[in-house]
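Notes for the structure review
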Amino acid sequence: MKNIFGLSIPETLEDVCDPQRVALLVYDMQVGILSQIKDADEITRRVLKVLTAARNAGVRVFFSRHLSLPKELMGMLQFRMAMTWQRADSPEQVDPWFLRDAPGFQIMLELSPRPTEGVFDKLTMSAFEGTWLDFALRDCGINAFIIFCVGTEIGIEPTARHGADLGYIPVLVTDACGAGNKEAAKRSIESLKFAGDALITDTETICQLLRK
């Protein structure tokens, strides 16, 4: 840890992963999203391992959920993206996958949030856009967040970049991240490495640090 002008500058993963200054973001571990991931069972196992270590260390935990609006409330971009993902030829063919009461919207049962943990819904890929996450982290004095889950190329990268722009240090647990497209996910991780904003780690390393 380096110091200048009254600021402490964390240098290592151990510096960053202070349970009082780091939060855990469980990104979109929903039934309907995991059903689209080939290695969903293995990803869930690793996510649960990191989640358990964070809980035992007293790290603040937040869960994001991707939400679909009813078609009557969807706008231009939401229809456009849904048509792309669902390979639909017209807006009339779009089926909102993640309506609030739909089975696919729910977080995987094995990872059920505790009453002491935050759960928030979002329409965007970045978990910071249009949500209360930034306010909650700042209000608790958090300056870094551990992010993992699904999907790397769709939501993890945008959230890590947005978080860095807001002044947080993102910590990406790469082997606990799932992806719909492995090549795109690999490019996302390499891009984050190149930018230098995020720290890159794996399940075993982050769990060992949290156990300290």
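Data block above holds the structure.
Residues numbered from 1 in each chain as written. Predicted model: local features only at pLDDT ≥ 70, side-chain atom pairs only at ≥ 80, totals over all residues. Heavy atoms only, no water.

**Points about the overall build of the protein**
- Counting secondary structure elements, the protein contains eight helices and eight strands.
- In terms of overall dimensions, the protein is globule-like: its C-alpha atoms have a radius of gyration of 17 Å, near the 17 Å expected for 212 residues.
- In terms of overall dimensions, the protein has C-alpha extents of about 55 × 35 × 35 Å along its principal axes.
- Burial status across the protein gives 47% buried among its 212 residues.
- Split by element, the accessible area of the protein, about 11200 Å² in all, is 54% carbon and sulfur.
- Averaging the positions of the 23 positive and the 28 negative side-chain charges in the protein gives two centres separated by 3 Å. (Helix = DSSP H or I, 4+ residues; strand = E, 2+ residues; numbered from the N terminus. Rg over C-alpha atoms; globule rule 2.2 N^0.38 Å. Buried < 20%, exposed > 50% of the residue type's maximum accessible area, 1.4 Å probe, protein only. Areas by Shrake-Rupley, 256 points an atom, 1.4 Å probe, with all protein chains shown as cover. Lys, Arg positive; Asp, Glu negative; His and termini not counted. Charge placed at Lys NZ, Arg CZ, Asp CG, Glu CD.)

**Let's talk about the side chain of Ser-126**
- For Ser-126, the position within the fold is in the loop between strand 5 (118-122) and helix 5 (133-139).
- Within the structure, the side chain of Ser-126 is placed 2.6 Å from the side chain of His-162, a separation counted as a polar contact.
- Contacts of Ser-126, omitting those with residues within four sequence positions, involve Pro-158, Thr-159 and His-162. (Polar contact = N/O pair within 3.5 Å; in protein donor to acceptor, adjacent residues only side chain to side chain. Contact = heavy atoms within 4.5 Å.)

**Thoughts on a nonpolar patch on the surface**
- Together, Met-76, Leu-77, Met-81, Trp-85, Trp-97 and Ile-154 make up a nonpolar patch on the protein surface, roughly 590 Å² of accessible area in all.
- With four residues, the top contributor of residues to the nonpolar patch is helix 4 (residues 76-86).
- Among the residues examined, Met-81 registers a relative accessible area of 30% and is labelled partly exposed. (Patch = residues over 30% accessible without salt bridge, like charges linked within 9 Å, V, L, I, M, F, W, Y side chains within 5 Å. Salt bridge = Lys/Arg side-chain N within 4 Å of Asp/Glu carboxyl O.)

**Side note on the packing of helix 6 (residues 152-165) against helix 7 (residues 182-195)**
- Where helix 6 meets helix 7, the closest approach of the two axes is 9 Å, and the angle between their N-to-C directions is 15 degrees. Judged by the inter-axis angle, helix 6 sits roughly parallel to helix 7. Classified by chirality, the crossing of helix 7 by helix 6 is left-handed. Contact residues: Thr-152, Glu-153, Glu-157, Ala-160 and Arg-161 in helix 6; Ala-184, Ala-185, Ser-188, Ile-189, Ser-191, Leu-192 and Ala-195 in helix 7.
- Tallied by class, residues from the contact of helix 6 with helix 7 come to six nonpolar, three polar and three charged. (Axes fitted to C-alpha atoms, helices over the stretch in contact; angles between N-to-C directions. Parallel < 35°, antiparallel > 145°, perpendicular 65-115°, else oblique. Left-handed = near helix turned anticlockwise from the far one by under 90°. Nonpolar A, V, L, I, M, F, W, Y, C, P; charged D, E, K, R; others polar.)

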